[in-house]
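# Reading the structure
One letter stands for each residue in the lines below.
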Amino acid sequence: MNVHAYAETHEVTNQVPPLDGANLYRIDLPLQEWLRRYDGGWAEQRLDAYGALAGGPLMAAGFLANENKPVFKSHDRYGNRIDLVEFHPAYHELMRSAIEHGIPSMPWTDPRAGAQVARAGLSYLHSQAEAGTGCPLTMTFASVPALKLQADVAAKWLPKILATTYDPRNLPMEQKAGVTIGMAMTEKQGGTDVRANTTRAYPVGIPGPGQAYELVGHKWFCSAPMCDAFLTLAYTDKGLSCFLLPRHRPDGTRNQFYVQRLKNKLGNWSNASSEVEYRGALAWMIGEEGRGVPTIIEMVALTRFDCMIGSSALMRQALTQAAHHCAYRQVGGRVLAEQPLMQNVLADLALESEAALALTLRMGRALDQAHNEQEDKFARLVTAVGKYWICKRAPAMINEAAECLGGAGYVEDTILPRLYREAPVNSTWEGSGNVQCLDVLRALSKEPGVLDALFAELGDGHGDARLAAFIGNLKAAFADTADIQFRARQLTEDVAVALQAKLLLEAGNATVADAFIGSRLGGGGRVYGTLPRGTDVEALVARSTPHLAR
Ligand SMILES: Cc1cc2nc3c(=O)[nH]c(=O)nc-3n(C[C@H](O)[C@H](O)[C@H](O)COP(=O)(O)OP(=O)(O)OC[C@H]3O[C@@H](n4cnc5c(N)ncnc54)[C@H](O)[C@@H]3O)c2cc1C
C-alpha cells in the first residue's frame, strides 16, 4: 500500500490558468482601436513591446515593489542627517523601464501627431503593472510646460528631465545623467486653498523670475521626495510664487530640504509620500513673481490628465483579471462567462473601462492639437470633467471586478486588492472631486468659448435620439444658473457620460455605443450588472476576454 496516497487530500481543479506573461497590448482590443483612431498607430510596435514587458517582468516587479515599501532613513549611522528614502530594486526596475521607454518625455522630445496619445497608451500599460511609480513619472512629465516659462532654468534642467536615462543616485543634478521632478504645494492648513500657504521666499540677491531665493516653511504632502527637484509654492512680497527647489545646492552640498516622515497610506505603497520642511532651502523663481498658481497649473493640468490615464488603467487591469477568471471558472458545471447574470456584470464593467479609455485618449488628442483653439478649450474643460468622472468611477468598478473572482479577488495573491487600494488616490490628489466640479464651472464662466467648444464637440446626438435628448437637457441645465454650485457634480457627470456616449457612437462599434447609451443615459441600475435586456453581452465580454482578444 502507498502511504503517500493518504497524504494527498485532494486534487486541485477548477482553478483558472495563470495570465502571467500576457502581452497587455495584444490582449486589449479597445486600446488598439482607440490608439489608431487618435493618430497613435505609428507607435504600435512600441506599445506591443511595452505590453509584453508590462504583462511580464514589470507585473512581477509590481508585486515586489508593493510588498517592500520604501523606507525613510533620516540619519546615517554616525548621526549625520541624510534624508534618504530607500526603495526595493523592483521599484528601480519599474522606474528605469518607464523612463527608458520615454513615458515622462516622449511627447516633448518627439512631438509628432499622436504623440500624447501614444505616450498615454504606454503609461496605461505601465500603470496596469504598477501604479505607484506613476507619481514621479507623471510629475516629471508634467513639469515641462511649467519649467518652459523660465527659459534660463529650463535650459539647465530640461536636457536631464527629458533624458531617457534613469539615474536614482542622490547626487547634484550636474553629476547625473537623468533627473526626476516632484511637486509640493499642499500645506497643513490648506491643500485646495493654496493661497493659505505660509511658506515664505526671501531673495538671495536681486529678486524676480529666474533668481535665487531661500524658502522657509513646510509642505504637508510631498510625494516622491527622492526626486532631484520640486516645483513648489511660497510667498514673496508680491504674492504666491512658483519655485524650482533642488535637493542639492549648485556647490554640491545638500539643500535645506528636510523630510520629516513618510505618510502611512491606504494604498499607493510603492511610492513614498512625505512631509517636508524648508529651512532656508535654495530655489529659483519660475515664471512671474506673484503668479505662482497660474504657473504651477501648467503642471497640474497634465498631472490631472495622468489621473485619467491611471484610473483607466486600473479599471482595465481589473476587467482583464475578471474576464479571464470568468472565462475558465465553473460554477454548477458551467463557466461563469456563459451565465447570464455574470455576463451582465462583465459586459457592464467592459463598457465602463472602454468609455474611460475613450475619453482619456480623446483628451490626449486634444493635447496633441493644442494649437487648435477648439481643441485647446476642449482640453481645458475635459481635464476637469475626465479627472472627476473617471477617477470617481474606478473604486466601485474595481471592487465589482474583484468580486467576480470570488474570495480570490480579496486575497493579495491576486492584483485586485492592490488595484482597489490604489484607486481612490487619483480622485483625491491633484484636486479632489468637488474641486474638479468647481473647476468645470470656473472654466465655463471665466473662459469664453469653452461651453461652445463642449457643445460643438457633442454635436446633435450623431443620429441617436437618446443622446440628442440628453444633450438638449444638458444645454438647459447649463442655461439655468440658479444653485449651479450645488448642482456641479450632476452637471459634470452628465457632461462626462454625454461625451463618452458621443465618442463611442462616433467610433462606430454599434454594440458598445448602444449598450453604453442604453445603460448610462437612461434609467439604468445603480450598480454594475444592470444592463438593459437585449444588450449583446456576449460580444462585449468577448471583446475584453484576454484569450479571445489575442
Ligand atoms: C497619497 C497622497 C499624495 C499626495 N502627494 C502630494 C504631493 O506630492 N504634492 C502636493 O502638493 N500635494 C500632495 N497631496 C495632497 C493632495 O493634493 C491634497 O490632499 C488635496 O489637494 C486636498 O487638499 P487637502 O488635503 O488640504 O483637503 P482640503 O483642501 O481641506 O479639502 C477637503 C475636501 O473639501 C473639498 N472642497 C474643497 N473646497 C471646496 C469647496 N469650495 N466646496 C466644496 N468642497 C470643497 C475637497 O474636494 C475635499 O474633498 C497628496 C495627497 C495624497 C493623499
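Cut-offs applied
Residues numbered from 1 in each chain as written. Predicted model: local features only at pLDDT ≥ 70, side-chain atom pairs only at ≥ 80, totals over all residues. Heavy atoms only, no water. UniProt positions renumbered as here; feature names shortened; annotations may be inferred. Helix = DSSP H or I, 4+ residues; strand = E, 2+ residues; numbered from the N terminus. Rg over C-alpha atoms; globule rule 2.2 N^0.38 Å. Buried < 20%, exposed > 50% of the residue type's maximum accessible area, 1.4 Å probe, protein only. Phe/Tyr/Trp six-rings, centres within 6.5 Å; stacked < 30°, edge-to-face > 60°. Lys NZ or Arg CZ within 6 Å of the ring centre and 35° of its normal. Near = heavy atom within 4 Å. Polar contact = N/O pair within 3.5 Å; in protein donor to acceptor, adjacent residues only side chain to side chain. Areas by Shrake-Rupley, 256 points an atom, 1.4 Å probe, with all protein chains shown as cover. Domains from an automatic or database assignment. Contact = heavy atoms within 4.5 Å. Buried area = accessible area lost by both parts, 1.4 Å probe. Salt bridge = Lys/Arg side-chain N within 4 Å of Asp/Glu carboxyl O. Nonpolar A, V, L, I, M, F, W, Y, C, P; charged D, E, K, R; others polar. Axes fitted to C-alpha atoms, helices over the stretch in contact; angles between N-to-C directions. Parallel < 35°, antiparallel > 145°, perpendicular 65-115°, else oblique.

If you look the protein chain up in an unreviewed UniProt entry, it shows as Putative acyl-CoA dehydrogenase from Pseudomonas panipatensis. According to the UniProt record, the Sequence similarities (unreviewed entry) comment for the protein chain reads "Belongs to the acyl-CoA dehydrogenase family." Per UniProt, the protein chain carries the Cofactor (unreviewed entry) text "FAD".

### Regarding the overall build of the protein chain
On a plain count of helices and strands, the protein chain comes out with 20 helices and 11 strands. For the protein chain, the C-alpha radius of gyration of 24 Å lies close to 24 Å, the compact-globule estimate for 550 residues. On the principal axes, the C-alpha backbone points of the protein chain span a range of 80 × 75 × 40 Å. The 550 residues of the protein chain split such that 57% are buried.

### Comments concerning the UniProt feature "domain: Adaptive response protein AidB N-terminal" (unreviewed entry) in the protein chain
Mapped onto this numbering, the UniProt entry annotates "domain: Adaptive response protein AidB N-terminal" (unreviewed entry) at residues 14-168. Taken end to end, residues 14-168 comprises 57% helix and 7% strand; its first and last C-alpha atoms sit 45 Å apart.

### Comments concerning the packing of aromatic side chains
Per the stated rule, a full pass over the model turns up eight aromatic pairs. Taking 4.1 Å as the distance between ring centres and 20° as the angle between the ring planes, the aromatic pair formed by phenylalanine 87 and tyrosine 91 counts as stacked. Both residues of the pair, phenylalanine 87 and tyrosine 91, count as buried. Cluster of aromatic residues (ring-pair linked, three or more members): Phe230, Phe257 and Tyr278. Stacked on the ring of tryptophan 269, the Lys or Arg lysine 69 has its end atom at 4.2 Å from the ring centre.

### Let's talk about unusual backbone geometry
A negative phi angle characterises most non-glycine residues, just as the trans form characterises most peptide bonds. Positioned with a positive phi, asparagine 14 is a non-glycine residue whose angle comes to about 60°. On the secondary structure map, asparagine 14 appears in the loop between helix 1 (4-7) and helix 2 (29-37).

### Some details on the site of the ligand
Taken together, the neighbourhood of the ligand is formed by 20 residues, with Met185, Thr186, Gly191, Thr192 and Ser223 sitting nearest. In the environment of the ligand, a nitrogen atom lies 2.8 Å from a nitrogen or oxygen atom belonging to the backbone of methionine 183. The contact in question runs from a nitrogen atom of the ligand to an N or O atom on the backbone of phenylalanine 221, over 3.4 Å. When the ligand sits alone it has 980 Å² of accessible area, and the protein chains cover 66% of it.

### Comments concerning the domain arrangement of the protein chain
Splitting the protein chain by domain gives domain 1 (29-142), domain 2 (175-291) and domain 3 (295-549). Once you take the C-alpha centre of each, domain 1 and domain 3 turn out to be 23 Å apart. Contacts between the two partners involve 34 residues from domain 1, matched on the other side by 37 residues from domain 3. Both sides together, the interface formed by domain 1 and domain 3 hides about 3000 Å², and carbon and sulfur atoms give 63% of it. Ranking the residues of domain 1 by area buried against domain 3 places Trp34, Tyr38 and Tyr124 at the top, with a combined share of 24%. Linking domain 1 with domain 3 are four salt bridges, by the criterion used here. Aspartate 306 is paired through a salt bridge with arginine 119; the nearest N and O atoms lie 2.7 Å apart. Counting across the interface, domain 1 meets domain 3 through 12 residue pairs in polar contact (both at pLDDT 80 or more). With 10 residues, the top contributor of residues to the side of domain 1 that touches domain 3 is helix 7 (residues 115-129). Residues that form the side of domain 1 that touches domain 3 fall into these classes: 19 nonpolar, nine polar and six charged.

### Things to note about the pattern of salt bridges
Pairs may arise between side chains of opposite charge once their charged atoms sit close together. All told, the structure shown has 37 salt bridges when counted by the stated rule. Across the salt bridge formed by lysine 156 and glutamate 174, the nearest N and O atoms sit 3.1 Å from each other. Residue lysine 156 is found in helix 9 (residues 151-161), and its partner glutamate 174 is found in the loop between helix 9 and strand 3 (181-184); the two are separated by 18 residues along the sequence. Classification of lysine 156 by relative accessible area gives partly exposed; the value is 35%. Looking at glutamate 174, the relative accessible area reads 40%, which means it is partly exposed. One network of salt bridges, with partners in common, ties together Arg37, Arg362, Glu375, Glu457, Lys502 and Glu506.

### Describing the packing of helix 14 (residues 433-446) against helix 17 (residues 488-507)
Axis separation between helix 14 and helix 17 bottoms out at 9 Å; the angle between their running directions is 80°. As judged from the angle between their axes, helix 14 and helix 17 are roughly perpendicular. On helix 17, the residues touching Gly433, Asn434, Cys437, Val440 and Leu441 of helix 14 are Ala488, Arg489, Leu491 and Thr492. For the contact of helix 14 with helix 17, the class distribution of residues is five nonpolar, three polar and one charged.

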